[in-house]
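Structural overview for review
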Amino acid sequence: MEDRKKILQVKEDWLSTDYAKFVAKVPERKHPFMLDSGIEINPLYTPADLDEDWSYLERLGFPGRYPFTRGVYPTMYRGRFWTMRQYAGFGTAEESNQRFKYLLEQGQTGLSVAFDLPTQLGYDSDHDLAVGEVGKVGVAIDSVEDMHVLFDGIPLDKVSTSMTINAPAAILLAMYIVVAEEKGIDRKVLRGTIQNDILKEYVARGTYIFPPRPSMRLIADTIMFCAEEVPKWNPISISGYHIRESGSTAVQEIAFTLGDAIEYVKTVIEKGMDVDKFAARLSFFFASHNNFFEEIAKFRAARRVWAKIMKEKFGAQNPKSMMLRFHTQTAGSTLTAQQPLNNIVRVAIQALAAVIGGTQSLHTNSYDEALSLPTEESVTVALRTQQIIAYESGVADVIDGIGGSYYVEKLTDEIEKKVWEYLDKIEKMGGMVPAIEEGYIQQEITDAAYQYYKAVADGEKVVVGVNKFVDPNEDLTKFHLHRADPTVREKQVKKLKELREKRDNQKVRKLLDDLRKAAEDENTNLMPYIIEAVRARATLGEITDVLREVFGEYRPPVIF
Amino acid sequence: MADRVVRVLVGKPGLDGHDRAAKVMARALRDAGFEVIYTGIRQTPAQVAQTAVQEDVDVVVLNNLTGAHLEVFPLVVEELKKRGRDDIYVLATGVIPFEDVELLKEKGIDEVFGPGTGPIHIINWIKEHVLGEKQGE
Amino acid sequence: MRNKVSKKKRLVLTEEEVFRRLIKGDEVGLARALSMIYREEASSSLLSRIYAYNAEKKEKAKIIGITGAGGVGKSTLISVLAETLLKEDKRVGVIAVDPSSPKTGGALLGDRIRLQHLFPNSNLFFRSFSSRGMVGGINPFIFDAVSVLEAASFDYIIVETLGIGQDEIDIVHMCDLTALVIAPGLGDDVQFLKSGVIELVDLIVMNKADLPTASKTVGILNSYTRMVENHPDIVKVSASKKQGIRELIAYIDNKWCELKNTGQLVERRTTRWKFQVGNWMRYIVGKKIHGFVERGEVKPKTSPYEIAISTLREWGCEV
């Protein structure tokens, strides 16, 4: 940048004259302007605000090439749009199946399954702790029979299916494979993702079952199994979304997610698999929040940091191993119960940031989510929002259209710097597992969440319709709310009873016993054992119980 | 020690693992000068109730974001009654649609703080009902 | 949304009811007795009845103090201790003290989270206290709380306090025997070993003993304890793996019986009782002094020392 000095000179002059005079007349709204990540925002960015050694080829390069700052594919959305994938699933498998078919008819291009909490925690619907929870936040799956119903009439060799499942992810993947095979579809053609990211469960989402170490082994088993057997499947979606939703900053979201990812990669490599054999199938999941430029910069920084980690730390050779491919969801926590239609606008802005940030797939939230489960109407508006961005806004016609914005490039650099600071600190603690066991990560997130709460409570942070522009006559009662069917549990319990009468119980017992023995040997991959138990109609709860006995249960440290 | 310190239990009955709201609430209540006991996630109604009894709290604040509130919250009230402590206030918070408010109140929940409310509303309610009662004595 | 609800009348129990219920082990009565003491609402006659009742009792509770720095796994250890004792049909009472905010008086009491999975259980009682109003670690409430739990016939009473420091040392006066919990990775940080804590505790529990660095820490410890006469034994456990817990309980039981048989238990409890007299005196006088200082008129020409002496004499103190 040959004119760097000149620009700095003129900028200094501008700041001390035009700018200063104006500020004297009309003071600025805030002192200083800050991002939640702790980065101060200058009034104006110029090419001279970039680092002196800033190099286009080093920091940005070209789409589809290292360090992938501008995008992971050479054509990005000029070839194909991102996958529009709305998270759905509630009640019984029958109901969810209908919602899936509806969404596919509306032009959705991938399925995303939400499971109820008993399923996510490895309890059958007839377990005592399942009272009140069966079919509530997603579909209840007790055995492969429910999975058959869930995907009835859906061509598993054509769709890609994403499953939000973590602690028992191996079991749900096994069910998907068995369903496909029983329909005559080869597991080699299956496409989709299991979330399978246990580390963020300990710090943010809470659906852990086993302690970290046996959980890491289960994850390594699924990653290694998929690399050999289900090559088009993403065996993990390393998720910052829930970390962000539990109150972290954008920098923490990226730092802790990549910290988790490093831990997974380390674990699989230690088990003896070459990094390039599995790394290309690692996928990520982030949130898109309100601060438009910060979010875009965050996605770009994440791609660059990950590429460097894979290349420099793990010695990956295959460029695909260095690509950070990610799903994005708009930030549910930013949606307000007050004036819910405003949420459509929030979601649109967040979705736009995700698209400009180069996401591979996107879920847009429904505007009534702060009130209850979304209705068909609100889900449709959310999907239409994506379609408008794709087909009408024109942002998808160029690759990384915002690249080269002085502000966004500077922000990308600063976020990257702060992410490295966290990663270095975590490494000094011995990695993510010790950092979580000691409660460090949880404390950082909890502190950020409380700061955010206080900023809103004190009015320092404006939330339109909540602490400013409040509608005093607003009636929060006028919205139609979808309510999950209260009889789902009864139905599931009945199905379970029938299943246990019908199946070959002796065979189930034997296969569960085989699984127990395999679990006791750390070096045995559990996937084949789980698949056989699932095929014999062992239930999710039965399989998880065997693992609970061998692995024990996790108890969290006390963090406020 | 003479001034009355309000003791509040923040409880998470049900399987919901999202505890940001509960933790933010616990901190906000602490900053309002209350002694706050937190149960952690994944509690049964009996666990929440026995905790409330042992800690001799004035108020139990329940939080659940999964929609299990209609089944689970009234069970906490029942468990408190079983233990002879249904005099303890029970407040409901979380994603609770308006049409559930009366249903919960009929089942013994003293107040519902659904979407659009925050810790400040709960703090004010507790100050009025617990400390106000004290002034009236 | 916020309709007025009729105000509930908080449960009121007379001291007579509280006493009768608590000696039966009733949780409502027990919990209320603790609240009354903590809020200074209990009359001296209720406290005297409790002490008299305990003095008559044949079966004494084993009162165990657990102390140690943050992060060594005290809560986890107490959780598995309680779990193991409950399986043996023992009644376990736990008291935990957390700091309160000096600014608002509020407190976050989270110690019981680690034990919540053991509830509901009628043989397990847990009470969280904040350190509010506890001047310089002088803490008459916790002492009396222990006596209340003893009256409620617990087999084991576990008292957990945070951190190591001068303030925590009175835990050893409060309990029959006190365990200091440590974890590997002590490194060069042996300050506390020099501070004399080791001479006061009855045993050192080496938690996380399964970690590879544990033996190094034990080595450092041994070199220190050897210099101390009657030095405490080191018991190795891994609370998270539930290893060594039964052995730890056996150690505690043996030690306690030894104290009992040699008359040291009576001696310790006598010391404890005397210490508590002093605690109450310091607390009561401390509050009186605090009130006086707050109201105090400033007389810049008089020395503060003179005011102090003359006021104490006015109060009838021979100084």
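Conventions adopted
- Residues numbered from 1 in each chain as written.
- Chains lettered and ligands numbered in written order.
- Predicted model: local features only at pLDDT ≥ 70, side-chain atom pairs only at ≥ 80, totals over all residues.
- Heavy atoms only, no water.
- Helix = DSSP H or I, 4+ residues; strand = E, 2+ residues; numbered from the N terminus.
- Rg over C-alpha atoms; globule rule 2.2 N^0.38 Å.
- Buried < 20%, exposed > 50% of the residue type's maximum accessible area, 1.4 Å probe, protein only.
- Contact = heavy atoms within 4.5 Å.
- Areas by Shrake-Rupley, 256 points an atom, 1.4 Å probe, with all protein chains shown as cover.
- Lys, Arg positive; Asp, Glu negative; His and termini not counted.
- Charge placed at Lys NZ, Arg CZ, Asp CG, Glu CD.
- 1 Å grid on protein atoms, 1.4 Å probe; cavity = no way out; pocket = protein on both sides within 12 Å on 5 of 7 lines; lining within 4 Å.
- Points joined across faces, edges and corners; volume = space filled by probe spheres on them.
- Nonpolar A, V, L, I, M, F, W, Y, C, P; charged D, E, K, R; others polar.
- Buried area = accessible area lost by both parts, 1.4 Å probe.
- Salt bridge = Lys/Arg side-chain N within 4 Å of Asp/Glu carboxyl O.
- Polar contact = N/O pair within 3.5 Å; in protein donor to acceptor, adjacent residues only side chain to side chain.
- Pairing = 2+ DSSP bridges.
- Axes fitted to C-alpha atoms, helices over the stretch in contact; angles between N-to-C directions.
- Domains from an automatic or database assignment.
- Expected span 1.5 Å × (residues − 1).
- Parallel < 35°, antiparallel > 145°, perpendicular 65-115°, else oblique.
- Left-handed = near helix turned anticlockwise from the far one by under 90°.
- pLDDT = per-residue confidence, 0-100.
- Right-handed = clockwise from strand over helix to strand, strands pointing away.
- Disulfide = S-S within 2.5 Å.
- Core = buried A, V, L, I, M, F, W, Y, C linked by side-chain atoms within 4.5 Å.

This next bit is on the overall build of chain A. Helices and strands together make up the secondary structure of chain A, namely 22 helices and 10 strands. Its C-alpha atoms give chain A a radius of gyration of 24 Å, within 12% of the compact-globule value 24 Å for 560 residues. If you line up chain A on its principal axes, its C-alpha atoms span 85 × 60 × 50 Å. Sorting the 560 residues of chain A into buried and exposed places 58% on the buried side. Across chain A, contacts joining residues at least 24 apart in sequence account for 78% of those joining residues at least 6 apart. Within the structure as shown, chain A displays about 22600 Å² of accessible surface, and the carbon and sulfur contribution to it stands at 52%.

Moving on, we come to the overall build of chain B. Summing up its helical and strand segments, chain B has 5 helices and 5 strands in all. Secondary structure elements of chain B, listed N to C terminal, follow the sequence β-α-β-α-β-α-β-α-β-α. Compactness check: chain B gives a C-alpha radius of gyration of 14 Å against a globular reference of 14 Å for 137 residues, within 12% of the reference. Considering only C-alpha atoms, chain B reaches an extent of 40 × 30 × 25 Å along its principal axes. Here chain B holds 137 residues, and 72% of them are scored as buried. Considering only contacts in chain B between residues 6 or more positions apart, those separated by 24 or more positions represent 71%. Surface accessibility of chain B: about 3900 Å² in total, with carbon and sulfur atoms responsible for 52%. Each charge class in chain B can be summarised by its mean position, and for the 16 positive and 22 negative side chains these summaries are 6 Å apart.

For the rest of this paragraph, the subject is empty space enclosed by the protein. This structure, assessed with the given rule, holds 9 cavities of 30 Å³ or more. Taken as a whole, the largest cavity spans an internal volume of roughly 210 Å³. In this structure, the largest cavity is lined by 19 residues; those nearest its centre are Tyr 208, Pro 556 and Pro 557 of chain A together with Asp 19 and Lys 23 of chain B. Tallying contributions element by element places helix H7 (residues 199–205) of chain A first for the lining of the largest cavity, with 5 residues. Looking at side-chain class alone, the lining of the largest cavity contains 11 nonpolar, 4 polar and 4 charged residues.

Tallying the contact residues gives 5 residues for chain A and 6 residues for chain C. Counting each side, the surface lost to burial between chain A and chain C is near 610 Å², with a carbon and sulfur contribution of 72%. Counting across the chain A and chain C interface gives 0 salt bridges. One can count 3 residue pairs in polar contact (both at pLDDT 80 or more) joining chain A with chain C.

All names here are of chain A. Across the sheet, which stays open at both edges, the 5 strands sit in the order E1-E10-E9-E8-E7 with parallel pairing between neighbours. Each edge of the sheet is formed by a strand with only one pairing partner; in this case those strands are strand E1 (83–84) and strand E7 (236–239). With 2 bridges connecting them, E1 and strand E10 (residues 361–363) associate as parallel partners. Within the sheet, the bridge partner assigned to Thr 83 lies in E10 and is Ser 361. Along the sheet, helix H12 (residues 292–313) contacts strand E8 (282–288) and strand E9 (326–330); its crossing angle with E8, the most-contacted strand, is approximately 160 degrees.

Let's shift gears to the interface of chain B and chain C. Listed by partner, the interface residues are 53 residues for chain B and 43 residues for chain C. When the two sides are added together, the surface that chain B and chain C hide from each other amounts to roughly 4200 Å², 48% of it contributed by carbon and sulfur. Between Glu 55 of chain B and Arg 112 of chain C there is a salt bridge, and its shortest N-O distance comes to 2.6 Å. In this structure, the connection of chain B to chain C is made through 31 residue pairs in polar contact (both at pLDDT 80 or more).

All names here are of chain A. Along its sequence, chain A is organised into domain 1 (56–91 + 195–471) and domain 2 (496–551). Averaged C-alpha coordinates put domain 1 and domain 2 at centres separated by 34 Å. With 11 residues of domain 1 at the contact, the number on the domain 2 side is 14 residues. Here domain 1 and domain 2 share an interface that buries about 1000 Å² over both sides, 69% of which is from carbon and sulfur atoms. One can count 0 salt bridges joining domain 1 with domain 2. Run the count over domain 1 and domain 2 and you get 7 residue pairs in polar contact (both at pLDDT 80 or more). Class assignment for the residues of the side of domain 1 that touches domain 2 results in 7 nonpolar, 1 polar and 3 charged.

Residue and element names in this part refer to chain A. With 15 residues, helix H14 (residues 342–356) should reach 21 Å at 1.5 Å per residue; the first-to-last C-alpha distance of 22 Å fits that figure. For H14, every residue scored as buried is listed here: Asn 343, Arg 346, Val 347, Gln 350, Ala 351, Ala 353, Ala 354, Val 355 and Ile 356. Positive phi appears at Gly 358, one or two residues downstream of H14, with a value of about 90 degrees.

For the rest of this paragraph, the subject is the pattern of salt bridges. According to the stated counting rule, one finds 75 salt bridges over all chains in the structure shown. In this structure, the salt-bridge partner of Asp 31 of chain B is Arg 30 of chain B, at a minimum N-O distance of 2.8 Å. Taken together, the shared-partner salt bridges in this structure form one network comprising Asp 51, Asp 53, Arg 59, Arg 304, Lys 308, Lys 410, Asp 413 and Glu 416 of chain A.

Our next topic: the packing of helix H4 (residues 74–87) of chain C against helix H10 (residues 245–261) of chain C. Residues and elements named next belong to chain C. Running from N to C, H4 and H10 cross one another at 80 degrees; their axes reach a closest spacing of 10 Å. Between H4 and H10, the crossing angle belongs to the class labelled roughly perpendicular. In this structure, H4 contributes Leu 77, Val 80, Leu 81, Thr 84 and Leu 85 to the contact, and H10 contributes Ile 245, Arg 246, Leu 248 and Ile 249. When its residues are assigned to classes, the contact of H4 with H10 shows 7 nonpolar, 1 polar and 1 charged.

Residue and element names in this part refer to chain A. Where helix H10 (residues 250–270) contacts H12, the axes come no closer than 10 Å and their chain directions differ by 25 degrees. When the axis of H10 is compared with that of H12, the two are roughly parallel. Considering only the axes of H10 and H12, their crossing is right-handed. Counting all contacts with H10, which are made through Ala 250, Glu 253, Ile 254, Leu 258, Ala 261, Ile 262 and Val 265, the residues of H12 involved are Glu 294, Glu 295, Lys 298, Ala 302, Val 305, Trp 306, Ile 309, Met 310 and Lys 313. Tallied by class, residues from the contact of H10 with H12 come to 11 nonpolar, no polar and 5 charged.

Quick look at the confidence of the model for chain B now. Overall, the predicted model of chain B reaches an average pLDDT of 90, with 94% of residues at or above 70. Both confidence scores are given for the complex: pTM 0.89, ipTM 0.92.

Time to look at H10 of chain A. For H10 of chain A, spanning 21 residues, the distance from its first C-alpha to its last is 30 Å, which sits close to the expected 30 Å at 1.5 Å a residue. Of the residues flanking the end of H10 of chain A, it is Gly 272 of chain A, one or two places downstream, whose phi is positive at about 105 degrees.

Take the pairing of strand E4 (residues 160–164) of chain A next. All names here are of chain A. Of all 5 residues that make up E4, 5 are buried, and the element is covered over most of its length. Of the two faces of E4, the one lined by Ser 160, Ser 162 and Thr 164 and the one lined by Thr 161 and Met 163 are each fully buried. Inspection of the sheet shows strand E3 (residues 111–114) paired to E4 by 4 bridges, in the parallel sense. Following the sheet pairing, Val 113 is matched in E4 by Met 163. Between E4 and its parallel partner strand E5 (residues 191–194), the chain crosses via helix H6 (residues 169–182), and the hand of that crossover is right-handed.

Next up on the list: the state of the cysteines. Each disulfide consists of a covalent bond between the sulfur atoms of two cysteine residues. Residues and elements named next belong to chain C. Tallied over the entire structure, the rule returns 0 disulfides over all chains. Summary of cysteine pairing: Cys 175 is not part of a disulfide, and the nearest cysteine sulfur, belonging to Cys 257, is at 17 Å. Given the relative accessible area of 4%, Cys 175 is considered buried.

Turning to the nonpolar core, a few remarks are in order. Ranked by internal contacts, the top residues of the largest apolar core, which has 170 residues, are Met 147, Leu 156, Trp 306 and Ile 441 of chain A together with Leu 29 and Ile 126 of chain B. When residues in this core are grouped by element, the largest group, 12 residues, is from H6 of chain A. Of the domains in this structure, domain 1 (56–91 + 195–471) and domain 2 (496–551) of chain A are the two that each give at least three residues to this core. Setting aside chain neighbours within four positions, we find Leu 156 of chain A in contact with Phe 151, Tyr 176, Val 179, Ala 180, Ile 185 and Leu 190 of chain A.

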